[in-house]
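Chain residues, written in single-letter form:
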Amino acid sequence: MNKHALRDWGPRLAVLAVAVALWEYFLSRSQNFLLPTFSHIATGLFHLIFFEPRFWEALYISNQALIFGYATAVMIGVPLGLIAARLPWMDRFLNPYFAVLLVMPVAPLIPIVIIALGLGLAARVFIVVSFALVFITINTRAGVRSIEPTLIEMAKSFGAKETQIWRRIIVPGALPAIFAGLRIGLGRAITGMVMVELLLVASGLGRLLLEFSGRMQSDMVFATVLAVIIEALALLSAMQFLERKIAPWAPNISIG
Amino acid sequence: MKSVTASETVVKTTAARNIGSSPGLQRSVRHYALEVFALLAGAVIWESLGWSLGLQWLPPFSQVLVALVQFLASGLILSNLQSSLLSLIVGFALSLVFGLFLGALMGRYRVVEKAFDVYVHALFVCPSILFAPIFFAIFGLSDASRIAIIFVYSTFVIVINTATAIRTVEPSLVEMAYSFGCREHQIFTRILLPASLPLVFAGIRLGMGRAVKGMINGEMLIAFVGLGALAQKYGAQFDAAKVFAIAMVVLIIGLVSNAFVQALESRLTRWAD
Amino acid sequence: MIRVKNLTKEFGSMDNGGGSVLALSSIDFEVRDNEFVTVIGPSGCGKTTLLRIIAGLISYQHGEVSIDSHPVVGPGPERAVVFQNFALLPWTDVLGNVTFGLDVRGATKNDSQAKAKELIKLVGLEGFERRLPKELSGGMQQRVGLARALAVNPRILLMDEPFGALDEQTRRLLQEQLLQLWERERKTVVFITHSMEEAVMLGDRVMLMTPRPGKVKEMIDIPLKRPRPPDIEKSAAFIEIKEYLWENLRAMQTDQP
């Protein structure tokens, strides 16, 4: 196992090395003197994490929207998806809206949210919710619908009541897809948070980025973005790990 | 871990598929009656709420439609639309070329797959909008920034789908071709290419949707021209009807391009079940 | 003539870090020209592996595999394979599938299509040239596979349980048809099967293999007359050979853990 892992990392590191080399080459050729080298970015990141309390402050503020927004989206989206899947008439009614919302980009509507809710936390949370909600709902619904009807028939034949069917068949059966939806929704929520930060430039990371770019500190701009990328990847990997643990038999249906 | 994510993207979005596919007009009208009714009902509710509540941010649906028609009639939307669409086409074309190429290599050669899979996966799950400030720093306020954002949005789903498509070609077909004396390049053109078409198209459709999102998200942030800039402008003017109208224009772009790719797909993959 | 001498095939460990699998061990046999040899053995005995080696699709570690004294190093124009799951190109019609082998070797379109049409008629699929594989039944698909193999005019036909995926009725019809075709032009055939009836019905000789690692247990002559009469299965000789096969196979199976 170890030998193979090493063998895998060889080409991977080679690709990374080539990418860094290309970046440095591109830098040397470009007119833009502000672009940071790889080492600048690395030191910038180090500085950001360990020596810049404002970074952590900004992170805290920005993530509030993420946490509240994501939690709300989950608390609304999962039940909505479950109900939509179980009530056929409601499902067919909501279907076209789901289809539209899947394809509809949320970003252009952000100005409307600002008109309605201003620039505070409420607006930011609302935007994060609107990015994430549809995907969580749809995947939950798909999960319920993927359950073999014969299983439910079987349960009924043994006299199971609706609540028992839910507890013993539907929820466990839909769990893999629900978790897939949670993971995709998390990615969408993070996107929403970033859009909020960059568009509203309130008091979190967006503000920090604006400051750095205003002061021509492009290495810090890169470092900040890199830090958020790391946070996003960490959260999503954790989610994926959870997903694998909860449902290793996941049938691989997911939308988004 | 990675293969789980790879195969998920391969599933077609069933919801998006329903729109734009009509076997026969009469049949589809009857079939979708309830759905159409649902949308109409929503429009009616929107309309009445718009009039009754009188909120600045919720104009009646009819006003949105009026704004939409005004847009389409006037030249204003056209020039912005043109600029947006041009970036979209260039960005998407680039991501197609790069995505199909890298995906094919990754699908065919294990070494390439191992080398790139970590990065492709990371870039795929990472919210692509995060690269906007980076591209802005590199390219400034220019079309290149927008194109780069669209590229990042759509490429990786294409890479993953293409790689999976090629990797999951039925081995017996490859063996059969080999038994009849096919050389490597013949196996690629006669077997791998046609066999992988359905899944590759799924990736292209998904990539198309992502490209549209990248276009509008990118333009909202790096807004100096294009639909995104317009949305910002009208938002600042508190003109909600116009902002909704722009959102609808983007929605239409998304649906039309999706239908287009789907039509192409069904023509080229009629043989698949 | 196909000559296999002392053939040994081992499947090495790849990603699992475990041990290797000895599929075939010191296989020795010959197939004479124009002979129809059926190969039967317990599951996992390596008969498909053997066929693949003769077809030139996989390599082997020890021994000699030669066709008319030329060692087998890869696929060649004198051999054609018919596959168990048909291996038809789903995106091409019947005509396109039958011309596949010819197209790959650079035949002109006219030539290959003419030849293909001839064979399509021969296997009884006239009129179906433009159909896609998904529109055909299993039996019809395999007939396309057969036509494709015959189109390249091989001297040797290698058939890997070609009727295994079909229902019994279709299988019997195709067996009859295969024998008819073979009587017209007696190619050398190596035919893998797990059905004893099929082995005795079709072959001039039956090669009986042992469980893994596969060896040749016995080569059994089938002195039944050619062409096979329709009620051959009821004849005493047929039943005797079939029962002999079954006794041996059964004994080999029960020895397995």
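Located above this text is the structure these notes cover.
Residues numbered from 1 in each chain as written. Chains lettered and ligands numbered in written order. Predicted model: local features only at pLDDT ≥ 70, side-chain atom pairs only at ≥ 80, totals over all residues. Heavy atoms only, no water.

### What to know about the overall build of chain A
Of regular secondary structure, chain A possesses 10 helices and zero strands. Put simply, chain A has 256 residues, and 49% of those count as buried. Long-range pairs, those at least 24 residues apart, make up 78% of the contacts in chain A with a sequence separation of at least 6. Looking at chain A as shown, the accessible area adds up to about 12700 Å², and 71% of this sits on carbon and sulfur atoms. Across chain A, the centroid of the 20 positively charged side chains sits 8 Å from that of the 13 negatively charged ones. (Helix = DSSP H or I, 4+ residues; strand = E, 2+ residues; numbered from the N terminus. Buried < 20%, exposed > 50% of the residue type's maximum accessible area, 1.4 Å probe, protein only. Contact = heavy atoms within 4.5 Å. Areas by Shrake-Rupley, 256 points an atom, 1.4 Å probe, with all protein chains shown as cover. Lys, Arg positive; Asp, Glu negative; His and termini not counted. Charge placed at Lys NZ, Arg CZ, Asp CG, Glu CD.)

### Some details on the overall build of chain B
For chain B, the count of helices and strands is 13 helices and zero strands. Shown N-terminal to C-terminal, the secondary structure of chain B runs as helices and strands in the order α-α-α-α-α-α-α-α-α-α-α-α-α. For chain B, with 273 residues in total, the buried portion stands at 52%. The contacts in chain B between residues at least 6 apart in sequence include a share of 75% that link residues at least 24 apart.

### With respect to the pattern of salt bridges
Residue and element names in this part refer to chain A. Throughout the structure, instances matching the rule amount to 28 salt bridges over all chains. Two residues, Arg86 and Glu162, come together in a salt bridge whose shortest N-O distance is 3.3 Å. Taken together, the residues Arg86 in helix 3 (residues 53-86) and Glu162 in helix 8 (residues 162-200) connect sequence positions 76 residues apart. Using a relative accessible area of 25% as the deciding quantity, one classes Arg86 as partly exposed. (Salt bridge = Lys/Arg side-chain N within 4 Å of Asp/Glu carboxyl O.)

### Digging into the sheet that holds strand 3 (residues 36-40) of chain C
All names here are of chain C. As summarised here, the arrangement of the six strands in space is 6-7-8-3-9-10, forming an open sheet in which the pairing is mixed. On the outer flanks of this sheet lie strand 6 (79-82) and strand 10 (216-221), each paired with one strand and no other. Across this sheet, the average inter-strand angle for adjacent strands is 15 degrees, counted without regard to direction. (Pairing = 2+ DSSP bridges. Axes fitted to C-alpha atoms, helices over the stretch in contact; angles between N-to-C directions.)

### A short note on the packing of helix 5 (residues 110-117) of chain A against helix 6 (residues 121-145) of chain A
Residue and element names in this part refer to chain A. The N-to-C vectors of helix 5 and helix 6 enclose an angle of 145 degrees; their axes lie 9 Å apart at closest approach. Like other packed secondary-structure pairs, helix 5 and helix 6 cross with a definite hand, here right-handed. When helix 5 is examined against helix 6, the residues Ile110, Val113 and Leu117 are found in contact with a partner set consisting of Ala122, Ala123, Phe126, Ile127 and Phe131. Across the contact of helix 5 with helix 6, the residue classes break down as eight nonpolar, no polar and no charged. (Left-handed = near helix turned anticlockwise from the far one by under 90°. Nonpolar A, V, L, I, M, F, W, Y, C, P; charged D, E, K, R; others polar.)

### A closer look at helix 12 (residues 227-236) of chain B
With seven of 10 residues buried, helix 12 of chain B lies mostly within the body of the structure. At the C-terminal side of helix 12 of chain B, Phe238 of chain B shows a positive phi close to 60 degrees.

### Thoughts on a nonpolar patch on the surface
Residue and element names in this part refer to chain A. On the surface, a nonpolar cluster with roughly 570 Å² of combined accessible area is contributed by Phe46, Ile49, Phe50, Phe51 and Trp56. Top element by residues in the nonpolar patch is helix 2 (residues 38-51). It accounts for four residues. You can see Ile49 is positioned in helix 2. Taking relative accessible area as the criterion, Ile49 reaches 32% and is therefore assigned partly exposed. (Patch = residues over 30% accessible without salt bridge, like charges linked within 9 Å, V, L, I, M, F, W, Y side chains within 5 Å.)

### Description of the packing of aromatic side chains
If you walk through the whole model with that rule in mind, you get 16 aromatic pairs over all chains. Ring geometry for Phe98 of chain B versus Phe151 of chain B: centroids 5.6 Å apart, planes at 55 degrees, classification tilted. You can see Phe98 of chain B sitting in helix 6 (residues 75-108) and its partner Phe151 of chain B sitting in helix 9 (residues 143-167), a full 53 residues away along the chain. Taken together, Phe36, Phe163, Trp182 and Phe191 of chain C form an aromatic cluster joined through their ring pairs. Its end group placed over the ring of Trp9 of chain A, Arg12 of chain A keeps NZ or CZ at 4.8 Å from the ring centre. Looking at Lys9 of chain C, its charged tip hangs above the ring of Phe11 of chain C, at a distance of 4.8 Å from the centre. (Phe/Tyr/Trp six-rings, centres within 6.5 Å; stacked < 30°, edge-to-face > 60°. Lys NZ or Arg CZ within 6 Å of the ring centre and 35° of its normal.)

### Side note on the packing of helix 7 (residues 110-125) of chain B against helix 9 of chain B
Residues and elements named next belong to chain B. Axis separation between helix 7 and helix 9 bottoms out at 9 Å; the angle between their running directions is 140 degrees. Taken together, the axes of helix 7 and helix 9 lie oblique to each other. Relative to helix 9, helix 7 is oriented so that their crossing is left-handed. Contact residues: Glu113, Val120, Leu123 and Phe124 in helix 7; Phe156, Val157, Val159, Ile160 and Arg167 in helix 9. A class-by-class count of the residues in the contact of helix 7 with helix 9 yields seven nonpolar, no polar and two charged. (Parallel < 35°, antiparallel > 145°, perpendicular 65-115°, else oblique.)

### Considering the sheet that holds strand 1 (residues 2-11) of chain C
All names here are of chain C. In space, the four strands of this open sheet follow the order 2-1-4-5, with antiparallel pairing throughout. Where the open sheet ends on each side, the last strands, each with one partner, are strand 2 (21-31) and strand 5 (70-71). The pairing of strand 4 (residues 62-67) with strand 5 spans two bridges and is antiparallel. Across the sheet, the residue bridging to Ile67 is His70, located in strand 5. Where helix 1 (residues 47-55) meets the sheet, it contacts strand 1, strand 2 and strand 4, and its direction lies at approximately 60 degrees from that of strand 2.

### So, the interface of chain B and chain A
At the junction of the two partners, chain B supplies 58 residues and chain A supplies 52 residues. Inspection of the region where chain B meets chain A yields one salt bridge. Arg12 of chain A is the salt-bridge partner of Asp117 of chain B, the closest N and O atoms lying 3.2 Å from each other. Linking chain B to chain A there are six residue pairs in polar contact (both at pLDDT 80 or more). Of all the elements in the fold, those that place two or more residues in the side of chain B that touches chain A are helix 1 (2-8), helix 2 (14-18), helix 4 (33-53), helix 7, helix 8 (132-139), helix 11 (184-221), helix 12 and helix 13 (240-268) of chain B. Here the side of chain B that touches chain A takes 10 residues from helix 7 of chain B, the largest share from any one element. Of the residues belonging to the side of chain B that touches chain A, the class tally is 42 nonpolar, 11 polar and five charged. (Polar contact = N/O pair within 3.5 Å; in protein donor to acceptor, adjacent residues only side chain to side chain.)

### Here we look at the pairing of strand 3 of chain C
All names here are of chain C. In terms of burial, strand 3 is a largely internal element, five of the five residues being buried. Pairing of strand 3 with strand 8 (residues 188-192) involves four bridges; the strand directions are parallel. What sits directly across from Thr38, in strand 8, is Phe191.

### Quick word on unusual backbone geometry
Residues and elements named next belong to chain C. Look at the link from Arg212 to Pro213: it is a cis peptide, with omega at 0 degrees. Within the secondary structure layout, Pro213 lies in the loop between strand 9 (205-209) and strand 10. Of note, the bond from Arg226 into Pro227 is cis; its omega dihedral lies within 30 degrees of zero at -10 degrees. Relative to the elements of secondary structure, Pro227 occurs in the loop between strand 10 and helix 8 (236-255). With a phi close to 50 degrees, Asp68 is a non-glycine residue in the positive phi region. Inspection of the secondary structure assignment puts Asp68 in the loop between strand 4 and strand 5.

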